[in-house]
Amino acid sequence: FKYVENAPAEFDINLNLEFNRVFTIGASARLGGDGSNGLESIDLLALYRYNNIGFGIAYDINMSEINDYSNGSIEAMVRYQFSKNQDNIANPRFFE
């Protein structure tokens, strides 16, 4: 949930699926924004992890009024994980 004074509230719903701690695919939906139709954007992502480094790509599909001017965007990402041993780290984001 995101709220900024004098701006519409936004709510994100995310789902990521991880395979063998190497490959992740995911989707996200953003609700709110300009309020025209409730759904502002849909995002798709893929991430490949090699040792502590992850390389990914995401595509953002605009569903709001800005769609008249933009067909979406492609985003590249690089992620570095400082701790190689995840067994001792409690993280509510991942279920095992």
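Figured I'd write up the structure that's included with this text.

What counts, and where the lines are drawn
Counting starts from 1 at the beginning of each chain's written sequence and moves along it residue by residue. It should be noted that, the model being predicted, local features are given only for residues of pLDDT at least 70 and side-chain atom pairs only at 80 or more, the latter also being counted only at that level, while totals for whole chains, interfaces and linings use all residues. Side-chain measures here rest on the full set of heavy atoms in the structure, leaving out hydrogens and waters. By the convention used here, strands pair only if DSSP detects at least 2 bridges between them. Secondary structure elements follow DSSP: runs of H or I of four or more residues count as helices, runs of E of two or more count as strands, with numbering from the N terminus. Helix axes are fitted only over the stretch in contact, all axes being lines through C-alpha atoms; the angle between N-to-C directions runs from 0 to 180 degrees. Each residue is placed in one exposure class: buried if its accessible area under a 1.4 Å probe, protein chains only, is under 20% of its type's maximum, exposed if it is over 50%, and partly exposed if it falls in between.

In this section: the sheet that holds strand β4 (residues 53-62). Taken in spatial order, the five strands of this open sheet run β1-β2-β3-β4-β5, and their pairing is antiparallel. Among the strands making up the open sheet, the edge pair consists of β1 (10-19) and β5 (73-80). On average, each strand axis in the sheet is tilted by 15° relative to the strand beside it, whichever way the strands run. As judged from the eight bridges shared by β4 and β5, these two strands associate in the antiparallel manner. Looking across to β5, one finds that A58 is bridged to E75.

Across 10 bridges, the pairing between β1 and strand β2 (residues 23-32) is antiparallel. Following the sheet pairing, D12 is matched in β2 by R30. The hairpin formed by β1 and β2 contains three residues between the paired strands, and N20 there has a positive phi angle of roughly 55°. Bridge count between β2 and strand β3 (residues 39-50): nine bridges; the pairing is antiparallel. Residue A29 lies in a different strand from β3, and its bridge partner there is I42.

The general pattern is negative phi for most residues beyond glycine and trans for most peptide bonds. Of note in this structure, N20 is not a glycine but carries a positive phi near 55°. Tracing the backbone shows N20 in the loop between β1 and β2. The phi angle at R21 is positive, at roughly 55°, despite the residue not being glycine. Mapped onto the fold, R21 is located in the loop between β1 and β2. Classification of R21 as partly exposed rests on a relative accessible area of 32%.

These results come straight from atomic positions and should not be treated as a statement about function.
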